[in-house]
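Each chain, written out:
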Amino acid sequence: IIGSGSAGGGQLVESSITGLSPSTVYFYQVVAISPAGVITYGDIQTFTTITASDFTFTNPLGALLVATIVDGLPANSNSLDLTLSGKSVGNVVISAAITPAIAGATVQLTPSSVGELTGGNKTVKIRVMNIPGATAKGTYTVKVTAKDVGIGGITGELNVNLQVNKITSGWQEF
């Protein structure tokens, strides 16, 4: 990093450094050269880069999301509590997608962002809403993603099963 300034005026020199490793101590020293060629060495200084994200995303009970479609009417699933544990560098944003896709269905995550993780646990509720009545009976996968949006952030993924059941009722007059 090179900067210049007038004698006695002093100048702030800044630069961005890329490619540094997380949780690492780095050493640096400022060297100034005057217009007359006099070299002055500053003290050796240190800084430590921030810790990388380290969190887990779990379904502690291993439970299923279950939705029952009755007589072809749209349905909602039950809700589950998922757990985020550990530390993040920045806010953690949560998203989800169903595979195979169910047109019209939406995944509700509460909250959809948990802020910075500083240790301990955060609970995220998940529920599938508006499952169309024409949806085939079977097991679907809801892929839930937690992404640390801070520098050096990581992404955690969790698959939660969605079981769609169908019931058809009938009338019979006597």
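Everything below is about the structure printed above this text.
Cut-offs used in this document
- Residues numbered from 1 in each chain as written.
- Predicted model: local features only at pLDDT ≥ 70, side-chain atom pairs only at ≥ 80, totals over all residues.
- Heavy atoms only, no water.
- Phe/Tyr/Trp six-rings, centres within 6.5 Å; stacked < 30°, edge-to-face > 60°.
- Helix = DSSP H or I, 4+ residues; strand = E, 2+ residues; numbered from the N terminus.
- Buried < 20%, exposed > 50% of the residue type's maximum accessible area, 1.4 Å probe, protein only.
- Lys, Arg positive; Asp, Glu negative; His and termini not counted.
- Salt bridge = Lys/Arg side-chain N within 4 Å of Asp/Glu carboxyl O.
- Polar contact = N/O pair within 3.5 Å; in protein donor to acceptor, adjacent residues only side chain to side chain.
- Contact = heavy atoms within 4.5 Å.

Side note on the packing of aromatic side chains
Under the definition given, this model contains two aromatic pairs. Ring centres of Tyr-26 and Phe-47 lie 5.6 Å apart, and the angle between their planes is 20 degrees; this geometry places the pair in the stacked category. With a gap of 21 residues between them, Tyr-26 in strand 1 (residues 25–33) and Phe-47 in strand 2 (residues 39–48) connect regions that are remote in the sequence. Ring geometry for Tyr-28 against Phe-47: centres 6.1 Å apart, planes inclined by 50 degrees, an arrangement best described as tilted. Of this pair, Tyr-28 sits in strand 1 while Phe-47 sits in strand 2, and the two are 19 residues apart along the sequence. Here the aromatic cluster, defined as three or more aromatic residues joined through ring pairs, consists of Tyr-26, Tyr-28 and Phe-47.

What to know about the side chain of Asp-148
Tracing the backbone through its elements, the reader meets Asp-148 in strand 8 (residues 138–148). Despite being buried, Asp-148 has no salt bridge partner; Lys-147 is the closest side chain of opposite charge, sitting 7.7 Å away. A polar contact is formed between the side chain of Asp-148 and the backbone nitrogen of Gly-90, at a distance of 2.9 Å. With residues near it in sequence (within four places) discarded, Asp-148 still touches Ser-53, Phe-55, Ser-88, Val-89, Gly-90, Asn-91, Val-92, Gly-153 and Ile-154.

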